[in-house]
Amino acid sequence: MKAHDGIYLDGAWRPAAGQDVIEVLNPADEQIIGRVPAAGPEDVDAAVRAARAALPAWAATPPAERAARLTALRDVLAARKDEIAETVTAELGSPLPFSQAVHAAVPIAVAGSYAELAATHSFEEKVGNSVVHHEPVGVVGAITPWNYPLHQIVAKAAPALAAGCTVVLKPAEDTPLVAQLFAEAVHEAGFPAGVFNLVTGLGPVAGQALAEHPGVDLVSFTGSTAVGRQVAATAAAAIKKVALELGGKSANVILPSADLARAVNVGVANVMSNSGQTCSAWTRMLVHRERYDEAVELAATAAAKYGDRIGPVVNAKQQARVRGYIEQGVAEGARLVAGGSETPHERGWFVSPTVFADVTPEMTIAQEEIFGPVLSILRYEDEEDALRIANGTVYGLAGAVWAGEEAEAVAFARRMDTGQVDINGGRFNPLAPFGGYKQSGVGRELGAHGLAEFLQTKSLQF
């Protein structure tokens, strides 16, 4: 798609206040593929004012009408799914088949789910002598990351719009083109002017201005835990509601009774997907000591198959970060059994699919989020040891458990301190709540729980 040279404000594309621009690069060849405005505080203020002005009418719009607009949005996105996939491939570097199957298809499904929820959700309930009314929280400032750029936009904007909120979106500066495409789709779907607004810009400038703006009632942020702390601190000054989806270091626990080959192969695929740039990736594989060597061999073989099947990481800074973690893993005594820190291609920000064995729980690569195609395999003695290791980080976003009997896996999963657990390779469910324990975040996305984040509650007593 051709990049817009303006911001989407109050139902139209308008010039940004300043002349600064962001160059969008293709991570696979480092070439410039577009330029977008680097919006500043003045642009953010104009967008928030537009959202504030549009709020009363949109909040008063019957849920059925909001559902109709969301259905139209889903249909526009579906009609442009090929363009979505090609855009994400160009600015994120994701292989086209993955962009088609995940980056395009999942947001379309999520948009459809909120169209249905807007039409069917009960926004009022009777509790004793009270009527409890659920109404929109107000203006939402949505700050989204680059790793799943359209999915994260839809996971925030769709429930906010379904709830009757208005939205100002600040997308990641690495992937703003698909955000512009989303704004085009909103416009085509017939949403009233000011209900959705888009400001492209840098996080420390436009993102900060949005988080601290007094006209924003809720900040919904997805990104690193470090930046999440800053967003929460900024919002706290105004006692502003926040929803934070942050980092992860998820454990893939393979119990002795599991189908080892399937558990390892699926686990490796999970880590390598999207070049490892997934907050919920199962980056720690926990294997019983008696099956450990076999698992390491299986994982090394599986990882080798991904050498030409994964794309680059998003930018040079991320490439250097991931390579630094790999070098630190070696320095701390982990055994490299696949990949390494050497750059596999002369151009583009690629990282080799990497697997470490002999990783111990206290190592940096077992504690910190790497956000690249790097798997750590840890040995455990018994089930209690596995649980201790699985719960032994500051994160708690996702995880997996494998066992011969489903009931055995479920019993273990119930003891994990994490927000979502896949049992024996359970499928992604766009209606299930997604979010974390501990430093993995506050609040939930997707489904009815995601809608609830954008509602506030009023009780009427009779």
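The shown structure was predicted, so the numbers you read here are calculated from the model rather than taken from an experiment.

### Examining the packing of aromatic side chains
The geometry of two aromatic rings is summed up by the distance between their centres and the angle between their planes.
Alright, step 1. This model, assessed by the stated rule, comprises 5 aromatic pairs.
Alright, step 2. Taken together, the ring pairs in this structure connect Tyr8, Trp13, Phe182 and Phe196 into an aromatic cluster.
Alright, step 3. Lying over the aromatic face of Phe123, Arg66 brings its terminal NZ or CZ to 5.5 Å of the ring centre.
Alright, step 4. Cation over ring: Arg379 sits above Tyr292, and NZ or CZ is 3.9 Å from the ring centre.

### Description of the UniProt feature "active site" (unreviewed entry) in the protein chain
Alright, step 1. When the UniProt feature table is mapped onto this chain, "active site" (unreviewed entry) is found at Glu245.
Alright, step 2. On the secondary structure map, Glu245 appears in strand E11 (residues 241-245).
Alright, step 3. When its relative accessible area of 3% is taken as the criterion, Glu245 is described as buried.
Alright, step 4. When near neighbours in sequence (up to four residues on either side) are disregarded, Glu245 contacts Gln152, Phe221, Thr222, Gly223, Cys279, Leu397, Phe434, Ser440 and Glu445.

### A closer look at the sheet that holds strand E6 (residues 130-136)
Hydrogen bonds between backbone atoms are what pair the strands of a sheet, whose relative direction is either parallel or antiparallel.
Alright, step 1. In spatial order, the strands read E5-E6-E20; together these 3 strands make up an open sheet with antiparallel pairing. At either margin of the open sheet sits one strand with a lone partner, and together these are strand E5 (124-127) and strand E20 (455-461). Shown here is a sheet whose adjacent strand axes are inclined to one another by a mean of 25°, direction ignored.
Alright, step 2. Pairing analysis gives 7 bridges linking E6 to E20, with the strands arranged antiparallel.

Scoring rules and cut-offs
Residues numbered from 1 in each chain as written. Predicted model: local features only at pLDDT ≥ 70, side-chain atom pairs only at ≥ 80, totals over all residues. Heavy atoms only, no water. Phe/Tyr/Trp six-rings, centres within 6.5 Å; stacked < 30°, edge-to-face > 60°. Lys NZ or Arg CZ within 6 Å of the ring centre and 35° of its normal. UniProt positions renumbered as here; feature names shortened; annotations may be inferred. Helix = DSSP H or I, 4+ residues; strand = E, 2+ residues; numbered from the N terminus. Buried < 20%, exposed > 50% of the residue type's maximum accessible area, 1.4 Å probe, protein only. Contact = heavy atoms within 4.5 Å. Pairing = 2+ DSSP bridges. Axes fitted to C-alpha atoms, helices over the stretch in contact; angles between N-to-C directions.

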